[in-house]
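# Survey of secondary and tertiary structure
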Amino acid sequence: MPQDARSAPEPVAVTLSVNGETHSVEIPPSATLLDVLRERLHLTGSKKGCDQGQCGACTVLIDGRRVNSCLQLAVMNDGREITTIEGIGTPEHLHPLQAAFVTHDAFQCGYCTPGQICSAVGMLDEGHAHGPEEIRELMSGNLCRCGAYTNIVEAIEEVRRAREAPTLKAPTLEAAE
């Protein structure tokens, strides 16, 4: 077949549930979830770091599980619940992990922070982390080029302990000020 006779694949209609809102989009079948979130839905919190699933900057939650959105085709997520950093807390009411990141200065440049927080939310919900060593291991897929790992682990550990001991107060923005 001559080069000019080939055509791009037809767009596919997909319905994505992102942060509790339904979005119907027509996208190329090869579009990654990350690209659709950023370019079509204008949710730019998830970052494109390596575009190979190795850095974790693009981490989102799909049905509550941590996923590198650069490795997911958007069409695979039709009808599934996707949560991005924009769906975790608000500027007025930060999620406890967001407040803990502020309290513990767990970010430098901030590029990896959305992926770190989404991954930490999913990890804590999974219930597998029982201390700093396990947090480090379970968060190893999220890289921080600034080297804020110690503070990231401290922030996550604070929230983990607060969840396990209901008498401890989870971090809030007021506590961070």
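Look up a bit, the structure's there.
First, a word on what this report is: a plain description of the structure on this page. (Residues numbered from 1 in each chain as written. Predicted model: local features only at pLDDT ≥ 70, side-chain atom pairs only at ≥ 80, totals over all residues. Heavy atoms only, no water.)

### Remarks on helix H3 (residues 113-126)
Taking 1.5 Å per residue as the helical rise, H3 with its 14 residues ought to reach 20 Å, and the 20 Å between its terminal C-alpha atoms agrees with that figure. Buried residues dominate H3, accounting for 12 of its 14 residues. Every buried residue of H3 is accounted for by Thr-113, Pro-114, Gly-115, Gln-116, Ile-117, Cys-118, Ser-119, Ala-120, Val-121, Gly-122, Met-123 and Leu-124. The elements touched by buried residues of H3 are strand S3 (59-62), strand S4 (65-68), strand S5 (81-83), helix H2 (96-103), helix H4 (132-138) and helix H5 (149-164). Positive backbone phi, at 80 degrees, marks Gly-127, one or two positions downstream of H3. (Helix = DSSP H or I, 4+ residues; strand = E, 2+ residues; numbered from the N terminus. Expected span 1.5 Å × (residues − 1). Buried < 20%, exposed > 50% of the residue type's maximum accessible area, 1.4 Å probe, protein only. Contact = heavy atoms within 4.5 Å.)

### Considering the sheet that holds S3
The five strands lie next to each other as S2-S1-S5-S3-S4, forming an open sheet whose pairing is mixed. The open sheet has two free edges, formed respectively by strand S2 (21-27) and S4, since each of these has just one partner strand. Here the strands of the sheet are splayed against their neighbours by 40 degrees on average, with no regard to which way each runs. The pairing of strand S1 (residues 12-18) with S2 spans seven bridges and is classified as antiparallel. Bridged to Ala-13 within S2 is Glu-26. Against the sheet, helix H1 (residues 33-40) touches S1, S2, S3 and S5, its axis set at about 105 degrees to S2. Packing of H3 onto the sheet brings it into contact with S3, S4 and S5, and relative to S3 it is tilted by some 40 degrees. (Pairing = 2+ DSSP bridges. Axes fitted to C-alpha atoms, helices over the stretch in contact; angles between N-to-C directions.)

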